[in-house]
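The chain contents come next:
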Amino acid sequence: MSLVKPLRLLLLGAPGSGKGTQTSRLLKKIPQLHSISSGDLLRQEVKHNSGFGSIAFNYISQGKLLPDELMTKLVVTNLKQSGWLAPDASWLLDGFPRTSTQAEALNKDLQTYRAELNLVVELDVPESVILERIENRFVHVPSGRVYNLQYNPPKVAGKDDVTGEPLTKRSDDTAEVFSKRLKQYKSTLAPLKEYYINKGILQMVSGETSDIIFPKLYDLIEREFGAH
Ligand code: ATP
Ligand code: MG
């Protein structure tokens, strides 16, 4: 698909709802699109053992959200450095904003570049499906690629399809931390959704698997932003 107008998309969804998987698929189909995942950015900081990384790890390992200001700065700096704070760039955000405070702060920054979000899609996946997925999830930290041993296993066990580098299990994908993340998500979701409902840009797609969700998400984008 080629976009006829810039797409600035936020994917919302519970942990394990498949934001990362949908992101990879969208990037493959829409060459103009770029992505930023706040979780991936943080995991890269942790991997590089930066000072910030060790602060981040403290929060992540407890399933707690990092402070809003810190997160906003991290993501906006990244958008800026990537050159995407321009009215004609298309990108998608995964995992940020996560609170209404983050949403407001981001909006303020984006406004000055005339590049506000123009679509927010909530991925709605049953909780039972999510819980089952998490145990089988492996990630390639440098790229953020996500694998699931059942649904999309790597071609070679334990190795990333593209680079051949090792896959790892996220330290926060344990039953205990995961339930905290899920609780946290639910408690911040309502005001965040409210914020985007008021802007008139919130949509929802439902389904049990990423294969069911993807075509719905894709159609939705094509209808509003694609060439016909
Ligand atoms: P998924 O399982 O789909 O990746 P998730 O939302 O649980 O979803 P990440 O987005 O990878 O996982 O985030 C992992 C952790 O990083 C969070 O639990 C939190 O500690 C921190 N984090 C990520 N994004 C934010 C944010 N916008 N605000 C605060 N903390 C964040
Ligand atoms: Mg993710």
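Cut-offs applied
Within any chain, residue numbers begin from 1 and follow the written order of that chain's sequence. Chains carry letters and ligands carry numbers; both start at the beginning, A for chains and 1 for ligands, and go up in the order they are written. Per-residue local features are limited, in this predicted model, to residues with pLDDT of at least 70; the limit for side-chain atom pairs, both in listing and counting, is 80 or more; totals at the level of whole chains, interfaces and linings are taken over all residues. Remark: hydrogens and water are excluded; side-chain values derive from all non-hydrogen atoms of the structure. Helix and strand assignments come from DSSP, with helices taken as H or I runs of at least 4 residues and strands as E runs of at least 2, each series counted from the N terminus. Only the C-alpha atoms count toward the radius of gyration. The rule for a globule is 2.2 Å times the residue count to the power 0.38. Any residue under 20% of the maximum accessible area for its type is buried, any over 50% is exposed, and the rest in between are partly exposed; the area is computed with a 1.4 Å probe on protein chains only. Accessibility throughout is a Shrake-Rupley quantity obtained with a 1.4 Å probe, and a residue counts as covered only by protein chains that appear here. Counted as positive: Lys and Arg. Counted as negative: Asp and Glu, with His and the chain ends omitted from the count. A single reference atom marks each charge: NZ on Lys, CZ on Arg, CG on Asp, CD on Glu. Here a polar contact is taken to be a pair of N or O atoms separated by no more than 3.5 Å, where protein atoms must pair a possible hydrogen donor with a possible acceptor and residues adjacent in sequence count only if both atoms sit in side chains. A contact between two residues is defined here by any heavy atoms of the two lying within 4.5 Å. Residues are counted as near a molecule or strand when any one of their heavy atoms sits within 4 Å of it. Three classes are used: nonpolar for Ala, Val, Leu, Ile, Met, Phe, Trp, Tyr, Cys and Pro, charged for Asp, Glu, Lys and Arg, and polar for all others, with Gly counted as polar. UniProt positions are given in the numbering used here, feature names are shortened, and annotations may be inferred rather than shown by experiment. By definition here, a salt bridge exists when the distance from a side-chain nitrogen of Lys or Arg to a carboxyl oxygen of Asp or Glu is within 4 Å. Cavities and pockets are found on a 1 Å grid laid over the protein atoms alone: a cavity is a set of points where a 1.4 Å probe fits but cannot escape, a pocket is an open set with protein on both sides within 12 Å along at least five of seven lines, and a lining residue has an atom within 4 Å of such a point. Grid points are joined across faces, edges and corners, and a volume is the space filled by probe spheres set on the points.

## Looking at the overall build of the protein
Consideration 1: Of the regular secondary structure elements, the protein holds eight helices and seven strands.
Consideration 2: At 17 Å, the protein has a C-alpha radius of gyration in line with the 17 Å of a compact globule built from 228 residues.
Consideration 3: Counting the 228 residues in the protein, one finds 46% classified as buried.
Consideration 4: Accessible surface, the protein: about 11400 Å² in total, of which carbon and sulfur atoms supply 52%.
Consideration 5: Here the protein holds 29 positive side-chain charges and 26 negative ones, and the gap between their average locations is 2 Å.

## Quick notes on the side chain of Asn107
Consideration 1: Within the fold, Asn107 resides in helix α5 (residues 100–112).
Consideration 2: There is a polar contact of 3.4 Å between the side chain of Asn107 and the side chain of Glu116.
Consideration 3: Excluding anything up to four places from it in sequence, Asn107 contacts Glu116, Tyr195 and Lys199.

## Examining the site of ligand 1
Consideration 1: As a matter of local geometry, ligand 1 sits amid 20 residues, with Ser38, Lys64, Arg98, Arg137 and Arg181 nearest to it.
Consideration 2: Relative to its free-state accessible area of 610 Å², ligand 1 is covered by the protein chains to the extent of 96%.
Consideration 3: Tallying contributions element by element places helix α2 (residues 38–47) first for the shell around ligand 1, with four residues.
Consideration 4: The class makeup of the residues in the shell around ligand 1 is seven nonpolar, five polar and eight charged.

## Some details on the UniProt feature "domain: Adenylate kinase active site lid" (unreviewed entry) in the protein
Consideration 1: Using the residue numbers shown here, the UniProt feature "domain: Adenylate kinase active site lid" (unreviewed entry) corresponds to residues 137–172.
Consideration 2: With 0% helix and 22% strand, the stretch residues 137–172 has end C-alpha atoms that lie 11 Å from each other.

## Topic: the pattern of salt bridges
Consideration 1: All chains considered together, the criterion is met by ten salt bridges.
Consideration 2: Glu122 is the partner of Lys193 in a salt bridge, and the nearest nitrogen-oxygen pair spans 2.8 Å. A residue pair is termed long-range when its members are at least 10 positions apart, and Lys193 in helix α7 (residues 175–198) and Glu122 in strand β4 (residues 119–124) qualify at 71 residues.
Consideration 3: A single salt-bridge network, built from bridges that share partners, covers Arg137, Arg170, Asp172, Asp173 and Arg181.

## Topic: the UniProt feature "binding site: AMP" (unreviewed entry) in the protein
Consideration 1: In the UniProt entry, the feature "binding site: AMP" (unreviewed entry) is given for Ser38, Arg43, Lys64, Leu65, Leu66, Gly95, Phe96, Pro97, Arg98, Gln102, Arg170 and Arg181. The largest pairwise C-alpha distance within this set of annotated residues, which runs over 144 residues, is 24.3 Å, so the set is dispersed in three dimensions. Lining residues of the second largest pocket drawn from the annotated list: Arg43 and Arg170.
Consideration 2: Position of Ser38 among the secondary structure elements: in helix α2.
Consideration 3: With sequence-adjacent residues up to four places away left out, Ser38 is seen in contact with Met71, Val75, Asp94, Gly95, Phe96 and Arg98.
Consideration 4: Residue Leu65 is classed as partly exposed on the basis of its relative accessible area, which comes to 25%.
Consideration 5: Aside from chain neighbours lying at most four places away, what touches Leu65 is Tyr59, Arg98, Thr99, Gln184 and Thr188.

## A word on the side chain of Gln22
Consideration 1: Mapped onto the elements of the fold, Gln22 is located in helix α1 (residues 19–29).
Consideration 2: Residues in contact with Gln22, not counting those within four places in the same chain, are Leu11, Leu123, Ser210, Ile213, Phe214 and Leu217.

## Section: the layout of surface pockets
If a probe as big as a water molecule is rolled over the atoms, it shows which places are left empty.
Consideration 1: Taken as a whole, the second largest pocket encloses approximately 310 Å³ of empty space.
Consideration 2: Around the second largest pocket, the lining is made up of 16 residues, and of these Arg43, Lys47, Val141, Thr168 and Lys169 lie nearest the centre.
Consideration 3: Among the secondary structure elements, those contributing two or more residues to the lining of the second largest pocket are α2, α3 (51–61) and β5 (137–140).
Consideration 4: Residue contributions to the lining of the second largest pocket peak at three residues, all from α2.
Consideration 5: In terms of residue class, the lining of the second largest pocket is built from seven nonpolar, three polar and six charged.

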